[in-house]
Amino acid sequence: MAEPRAEGGAWRREIAATFALGWPMILTTLIEVALTTTNIMLLGRLGPQALAAGTLATNLYFAFMIFGVGLVAAVSPMVASEVGRMRHSVRDVRRTVRQGLWTAGVVSVPALIALSLTDPILLRLGQEPAAAHEAARYMHALQWSLPPFLGYIVLRSFVAALGRPRPAVWAGVVAIAVNALLAWALIFGRLGAPGLGIVGAGIATTIATWAMFGTLALVIALDGRLRRYHAFGRFWQADWPRFRELWSLGLPIGITLTFEVSVFNAAAFLMGLIGEASLAAHAIAIQISSVSFMVPLGLAQAATVRVGLAHGAGDREGARRSGWTAYAMGVGFMGCAAATMLLAPRLLIGLFVDLADPANAEVITLATLFLAFAGMFQIVDGAQVLGAGMLRGLHDTRVPMLFAAIGYWGIALPLAVVLAFVFDLGGKGIWIGLASGLAAVAVLMTLRWIRRERLGLVPAA
């Protein structure tokens, strides 16, 4: 009986450790999406055109932002593995953080150039000229939030890998408060500020994101336990071996996330071809889905750290427990989220549009339908992101990148186009395609984790 009790105790300790690390990371992911979600909610009060334009700009911004996020996310497993290997390592951790910040700066330059061309990009994608122009006005203010956001992700990965994720939470709380107040004031002309409409939302988010990065950097510089790493020391000193190592691990992560997010972006552009109401309804459903997705995403980031620590220490059983614990917690939550979307859609939709306004009737009807499809794929959406996070803890990123290419661009997008435009299912067909691609990726990621020993990702027993 001693062995089962010991095994049960190990699982309970892992659950507690995952929860302790996971809830601040969930909050930071929720904070990140809350910045743009707040803007979309406020822009919805300006009308369907502003909501559609804001959605187009946000989707294009995310296509570039998410690649950078994936690239610098390599900081987390690299620091975790080093700390697992040598608990009091300082120099090696600092090298990784410094090159993570370098990477954030390098990847921001081409992204900013591309985002400055929002108007012609959206026109080339077949969007309505009026919506494309408004989206470009929003983007020209929003795009300058990208460099500090990527810098924040580097610092957040650093503190999370050290088991200190709370400073990132407090920095994010500052950003949400600043963004909400400034967006409300600048969009509608409150508190003596000029009423800038959609442009005001972009300005607010840029200011809030710089505040978020600055707050976290200040905490790291002043906190006694974090200051010893001298994360910003010798910042201008080149470290090309570590820079290449980070890109080698992070590039597949960035491409994987880009495959996933870009297929959702493509879905938004396809919705724009169907009509303004479909695009506005899609924006509501996808924002609600994005909020629920932040919970398994945060747990996946916790899994990367926990699995990485065990992997660095050579603890095969610890890595197994860490992975499956986060997986069960995340998929369980997504089951609850699915039930909410299916049983109370109008309650959620009412956060974005006035349910009593007859002008919103078509948007509400379509959003209710799309939210039902979103509810159906919650569990597989959670499973795929958790599987990817667990594998990253083992520094396994290249094959998951291929899984993402197959699932999202080989299955989801072609199926969405065929169902929507060939079989004339419209928005329903697009959502069915998305769900099918997510399910395929979830199965592939989970099977790879199950077969990790046979594949040589961890030492065999």
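Structure's up top.
The present account deals with the structure reproduced in this document.

Rules of the game
Residues numbered from 1 in each chain as written. Predicted model: local features only at pLDDT ≥ 70, side-chain atom pairs only at ≥ 80, totals over all residues. Heavy atoms only, no water. Helix = DSSP H or I, 4+ residues; strand = E, 2+ residues; numbered from the N terminus. Rg over C-alpha atoms; globule rule 2.2 N^0.38 Å. Buried < 20%, exposed > 50% of the residue type's maximum accessible area, 1.4 Å probe, protein only. Areas by Shrake-Rupley, 256 points an atom, 1.4 Å probe, with all protein chains shown as cover. 1 Å grid on protein atoms, 1.4 Å probe; cavity = no way out; pocket = protein on both sides within 12 Å on 5 of 7 lines; lining within 4 Å. Points joined across faces, edges and corners; volume = space filled by probe spheres on them. Nonpolar A, V, L, I, M, F, W, Y, C, P; charged D, E, K, R; others polar. Axes fitted to C-alpha atoms, helices over the stretch in contact; angles between N-to-C directions. Parallel < 35°, antiparallel > 145°, perpendicular 65-115°, else oblique. Left-handed = near helix turned anticlockwise from the far one by under 90°.

Let us now look at the overall build of the chain. Counting its regular elements, the chain contains 18 helices and zero strands. For a compact globule of 461 residues, the expected C-alpha radius of gyration is about 23 Å, and the chain comes in at 22 Å, within 12% of that figure. With respect to the principal axes defined by its C-alpha atoms, the chain has extents near 65 × 45 × 35 Å. Put simply, the chain has 461 residues, and 57% of those count as buried. Total accessible area on the chain is roughly 18,000 Å²; 68% of this is exposed by carbon and sulfur atoms.

A volume near 480 Å³ is recorded for the largest pocket. In terms of lining residues, the largest pocket is bounded by 19 residues, among which Val83, Arg87, Ala161, Leu162 and Gly163 are the most central. Elements that contribute at least two residues to the lining of the largest pocket include exactly α1 (2–43), α3 (75–85), α10 (224–227) and α12 (276–312). Tallied by class, the residues present in the lining of the largest pocket amount to 11 nonpolar, three polar and five charged. By volume, the second largest pocket amounts to about 240 Å³. Elements with a minimum of two residues in the lining of the second largest pocket: α4 (91–115), α7 (146–161) and α9 (198–222). With five residues, the top contributor of residues to the lining of the second largest pocket is α4. By residue class, the composition of the lining of the second largest pocket is 10 nonpolar, two polar and no charged.

So, on to the packing of helix α17 (residues 398–422) against helix α18 (residues 427–450). The description of two helices packed together rests on the angle between their axes and the distance between the axes. The interhelical angle for the contact between α17 and α18, taken along N-to-C directions, is 160 degrees, at an axis separation of 7 Å. Comparing the axis directions of α17 and α18 gives the class roughly antiparallel. Our pair here, α17 against α18, has a crossing hand that is right-handed. Each residue belonging to the contact of α17 with α18 can be placed in one class, and the counts come to 19 nonpolar, five polar and one charged.

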